[in-house]
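Breakdown of the fold
Here are the chains, one letter per residue:
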Amino acid sequence: MGFFYFHSLVILFLLLVTLQHVCGNPELRALMELKSALDPSNKLLNSWSNDGDPCSGSFEGVACNGHRKVANISLQGKGLSGYLSPAIAGLKCLSGLYLHYNSLSGTIPKELGNLMELTDLYLNVNNLSGIIPPEIGGMASLQVVELCCNQLSGGIPTEIGSLKKTIVLALQYNKLTEQIPASLGSLPVLKRLDLAFNSLYGPIPATISISPQLELLDIRNNSLSGMVPSALQRLNAGFHFENNKDLCGDAFPKIRACTPYDNMNINDVEPMRPNNTTKNIPVSAIFEPPCNQTNCSHSSKFPQIAIVAGGITATAIFMGAGFLIFLLYRRRKQKIGNTSSESFDGRSSTDQAKELHSHRAGVSPLVSLEYSNVWDPFAGNGNGIGLPKNSLNNFRFNLEEIESATQCFSEMNLLGKSSFSSVYKGILRDGSLVAVRSISITSCKSEDDEFLKGLNLLTSLTHDNLVKLRGFCFSMGRGECYLVYDFAPKGNLSQYLDIEDGSSHVLDWRKRVSIVNGIAKGIEYLHRNEDNRPPIIHRQISIEKVLLNEQFKPLIADSGLPKLLADDMVFSALKVSAAMGYLAPEYVTTGHFTAKSDMYAFGMTVLQILSGKQLISNSMRLAAASRKYEDFIDINLKGDFSKSEAAMLAKIALACTEELPDHRPTMEAVIQELNEELNKSHASSLITHIPIFGTSQS
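Cut-off values and rules
Residues numbered from 1 in each chain as written. Predicted model: local features only at pLDDT ≥ 70, side-chain atom pairs only at ≥ 80, totals over all residues. Heavy atoms only, no water. Phe/Tyr/Trp six-rings, centres within 6.5 Å; stacked < 30°, edge-to-face > 60°. Helix = DSSP H or I, 4+ residues; strand = E, 2+ residues; numbered from the N terminus. Buried < 20%, exposed > 50% of the residue type's maximum accessible area, 1.4 Å probe, protein only. Lys NZ or Arg CZ within 6 Å of the ring centre and 35° of its normal. Pairing = 2+ DSSP bridges. 1 Å grid on protein atoms, 1.4 Å probe; cavity = no way out; pocket = protein on both sides within 12 Å on 5 of 7 lines; lining within 4 Å. Points joined across faces, edges and corners; volume = space filled by probe spheres on them. Nonpolar A, V, L, I, M, F, W, Y, C, P; charged D, E, K, R; others polar. Salt bridge = Lys/Arg side-chain N within 4 Å of Asp/Glu carboxyl O. Core = buried A, V, L, I, M, F, W, Y, C linked by side-chain atoms within 4.5 Å. Contact = heavy atoms within 4.5 Å. Arc of directions from axis to C-beta. Expected span 1.5 Å × (residues − 1). Polar contact = N/O pair within 3.5 Å; in protein donor to acceptor, adjacent residues only side chain to side chain. Axes fitted to C-alpha atoms, helices over the stretch in contact; angles between N-to-C directions. Left-handed = near helix turned anticlockwise from the far one by under 90°. Disulfide = S-S within 2.5 Å.

Let us look at the packing of aromatic side chains. On inspection of all chains with the given rule, the structure shows 14 aromatic pairs. Pairing Trp48 with Phe59 gives two aromatic rings, centres 6.0 Å apart and planes at 25 degrees, and the pair type is stacked. Here Phe59 lies in the loop between helix H2 (26-38) and strand E1 (62-64) and Trp48 lies in the loop between H2 and E1, a separation of 11 residues in the sequence. A single burial state applies to Trp48 and to Phe59, both of which are buried. Summarising the aromatic geometry, the rings of Phe409 and Tyr482 are spaced 5.2 Å apart at their centres and angled 25 degrees between planes, so their arrangement reads as stacked. Of this pair, Phe409 sits in the loop between helix H7 (399-406) and strand E16 (414-417) while Tyr482 sits in strand E20 (residues 480-486); the two residues are 73 residues apart in sequence, bridging distant segments of the chain. A relative accessible area of 7% places Phe409 in the buried class. Given a relative accessible area of 0%, Tyr482 falls into the buried group. Counting every residue linked through ring pairs, the aromatic cluster contains Trp509, Tyr629, Phe632 and Phe641. Of note, Lys511 hangs over the ring of Phe552, and the distance from its end group to the ring centre comes to 5.0 Å. Residue placement shows Arg533 over the ring face of Tyr525; its charged tip is 4.7 Å from the ring centre.

If you walk across this open sheet you meet the nine strands as E1-E2-E3-E4-E6-E8-E10-E12-E14, and the pairing is mixed. Two strands close off the open sheet at either side, each with one partner strand: E1 and strand E14 (239-240). Where strand E8 (residues 168-170) lies against strand E10 (residues 192-194), three bridges are found, and the strand directions are parallel. What sits directly across from Val168, in E10, is Arg192.

We now examine the sheet that holds strand E9 (residues 175-176). With parallel pairing, the three strands of this open sheet are ordered in space as E5-E7-E9. The open sheet is flanked by strand E5 (129-130) and E9, the only strands paired with a single partner. Where E5 lies against strand E7 (residues 151-154), two bridges are found, and the strand directions are parallel. Within E7, the residue paired with Ser129 across the bridge is Gln151.

With that out of the way, let us pick up unusual backbone geometry. The backbone of Arg68 sits at a positive phi, close to 60 degrees, despite the residue not being glycine. For Arg68, the location among the structural elements is in the loop between E1 and strand E2 (70-74). Classification of Arg68 by relative accessible area gives partly exposed; the value is 46%. Unlike most non-glycine residues, Phe409 shows phi in positive territory, near 55 degrees.

With the rule as written, the count across this model stands at seven cavities of 30 Å³ or more. One number sums up the size of the second largest cavity: a volume of about 90 Å³. Taken together, the residues of the lining of the second largest cavity sort by class into eight nonpolar, one polar and two charged.

Further remarks concern the pattern of salt bridges. Two side chains with opposite charge may pair up if their charged atoms get near one another. Per the counting criterion, the structure on display carries 20 salt bridges. A salt bridge links Arg192 to Glu146; the shortest N-O distance between them is 3.7 Å. Placement of Arg192 in strand E10 and of Glu146 in strand E6 (residues 144-146) is noted, with a sequence separation of 46 residues between them. Across the salt bridge formed by Arg528 and Glu524, the nearest N and O atoms sit 2.8 Å from each other. The exposure class of Glu524 is buried, given its relative accessible area of 18%. Among the ionic contacts, a cluster of salt bridges with common partners joins Glu146, Arg192, Asp194, Glu400 and Arg429.

Bringing the nonpolar core into the picture now. Of all hydrophobic cores here, the largest spans 62 residues; its most connected members are Ile73, Ile88, Leu97, Leu99 and Phe239. With six residues, H2 is the single largest residue contributor to this core. Not counting residues up to four positions away in its chain, the partners in contact with Ile73 are Leu31, Leu34, Gly61, Ile88, Leu91, Leu94, Gly96, Leu97, Tyr98 and Leu99. Residues Met599, Ala624, Leu654 and Val670 belong to the second largest nonpolar core, which totals 55 residues.

Taken together, the buried positions of helix H13 (residues 618-625) are occupied by Met620, Ala623 and Ala624. The buried side chains of H13 occupy one side of the element, clustering within an arc of 100 degrees when seen end-on. Structural note: H13 exposes Asn618, Leu622 and Ala625 on the side pointing more than 90 degrees away from its buried face. Buried residues along H13 sit against helix H12 (595-611), helix H14 (629-632) and helix H15 (643-656). With its phi angle positive at about 60 degrees, Arg627 sits one or two positions after the end of H13.

Of the strand pairs in this sheet, E7 and E9 are connected by two bridges, and their pairing is parallel. Of the residues in E9, the one forming a bridge with Gly154 is Leu176.

Before going further, it helps to examine H2. Across its 13 residues, H2 extends 18 Å between first and last C-alpha, which sits within 8% of the 18 Å expected from 1.5 Å per residue. All of the buried residues in H2 are Glu27, Leu28, Ala30, Leu31, Met32, Leu34, Lys35, Ala37 and Leu38. Its side-chain oxygen 3.1 Å from the backbone nitrogen of Glu27, Asn25 forms the N-cap of H2.

A word on the packing of helix H9 (residues 509-527) against H15. For the pair H9 and H15, interaxial distance at closest approach is 12 Å and the crossing angle is 30 degrees. For H9 against H15, the interelement crossing comes out left-handed. Contact residues: H9 offers Trp509, Arg510, Val513 and Val516, while H15 offers Glu645, Ala646 and Leu649. Here the contact of H9 with H15 is composed, by residue class, of five nonpolar, no polar and two charged.

Here we come to the pairing of strand E13 (residues 223-227). Look at any regular strand and the pattern is simple: side chains alternate between the two faces of the sheet. Burial of E13 is extensive: four of the five residues sit out of reach of the surface. Pairing geometry for strand E11 (residues 201-202) and E13, over two bridges, is parallel. Bridged to Gly202 within E13 is Leu224. Note: E13 against strand E15 (residues 246-248), three bridges, orientation parallel. Its bridge partner being in E15, Gly226 is matched across the sheet by Leu247.

Glancing now at the state of the cysteines. Within the structure shown, the criterion is met by two disulfides. Each disulfide pairs two cysteine sulfurs, and for Cys55 the partner residue is Cys64, the sulfurs being separated by 2.0 Å. Here the disulfide of Cys55 and Cys64 is left-handed, its torsion about the S-S bond being about -85 degrees. Residue Cys55 is classed as partly exposed on the basis of its relative accessible area, which comes to 22%. Judged by relative accessible area, Cys64 falls into the partly exposed class, the value being 27%. The residue that forms a disulfide with Cys248 is Cys258, at a sulfur-sulfur distance of 2.0 Å. Looking along the S-S bond of the Cys248-Cys258 disulfide, the torsion reads about 90 degrees, which is the right-handed sense. A residue pair is termed long-range when its members are at least 10 positions apart, and Cys248 in strand E15 and Cys258 in the loop between E15 and helix H4 (260-265) qualify at 10 residues.

Here it is in structure tokens:
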């Protein structure tokens, strides 16, 4: 009996400890309520558990501050399909909430306004509905408010004008109505205000035009009217106003000039609402004639009533005409393809992102957004490493552009992973396709000067057979560097090897010869001693590093990349090269890469292209040397190839893979031989097709 009593006490004690762990930790309790709301199917946030520690690093997307309080929730692009619970208010120290690019529905809870330390609020590209809670105006620390691409309705709360630290207010692509509150002009550090693609009406408040820090104002595709404040001229290309037909302004060439009617009514008439309400009545129509106490008797009311009645009648006629014009205008807007705010209804985040890109073509954010402290290798040295002023700044993207392009690094956009990086497909705002390589900061060179020198080298490389680097981005908040390249739609060369007979992926002979020629030209450019840079050794020539554009032109990827990476990352990548047979034999003894080691990898690549096989056996090499075409030329070609060109390419490949580096040719010599043989083949082809005429008859 005593044992049973003791055992029961132990169980009770353990239950109390467990209960105290959950109930005694209000932040854990708030997180668990948040989890059940965000992830009702319990498939995506399995790492959040009742017996876990949110500050241990085990809770996905949760980070804590130095006092072991939850400071950051980063769950962007996770496929969450629930709603945002009011329990979020229990995380009093939260400074960053990143839930964008999900499928959350429901309303934004007013309890969000209790988060006094929140600086970054990212709820964009979801399916949130309802109003924008006025309580947000009390969040004194807010710097970025991103609510775009939802189904939010109602007006913009005037309380938002109290956000004295807000830099970005993005509300575009919603269903917002009412007028733009003049209080938005009270935001002292606001740099970007985006209200495009809503149903806002009325004038542009003059207070916004004189907002001291404003750099971008986007009000496109609304129903705004009245005179555009001339002070907005200072924004230049940062002011976007298209598809607001009732706006006028003498200071703007692309906006119609104001008429006397516009000028007369701008202060006297309240703007018309899209719906038919009594607020459509002009203020000037409801008035009392001048009078004093002696002449305002009941006997004088009839003229007043007559005047008011006449004013109401005129107003009704005006309203009817205005309402008809409004309906015609809305119908016209609905015919403009994808320009209405309803264009996101019922669509996936992917569709929304693509449409967002198309609508915002050519618009670059004018403020660099970050999640926390910015990792900026430029900060400590400026141009101290001898780079031309702003030579790299022209290539910089900000984190918002990178996330927007990749849909917050969505798994469905993942193209591949390596030991130190991941590559994502993306769409820039101008509609162009890119490949974004994310590299962990820990994998990059630790010295900023060396890192910047490498980056400067990458941006200087321009050749038709190299993948073009569009730009880069640094993010301390995510702990990564991003390299943005042109996208190669046909994939890499490995996809066209080891193909089964009859596959559409089989490369014909012309394409193979052209690909070899292009790879050679790209490597020769790298090996060339240019005036502004020394020769570059690629180190990792392989079929995976040869990408193909729409016309099957070869593009060599990752040229100069080792200049950015820490030594251990470069060495780890060599294991793959060695396993695939690309690593030159002398590297084992010297530990150095040279132009001749690149030539060895090129020779192996040529053999792979000829044979259609990824693994090259010794018997294939012997067949190539003895010109036994049937034993080393891809059987998928079915004999449709040039024997002279095959012999020439096999000869080059074998020469490049000689054991001793001194016996290998330079790429310049290879290109010369390629050109001579291809010119001969071309001439021979022309002769073959010259018509042979018979002898003339007398």
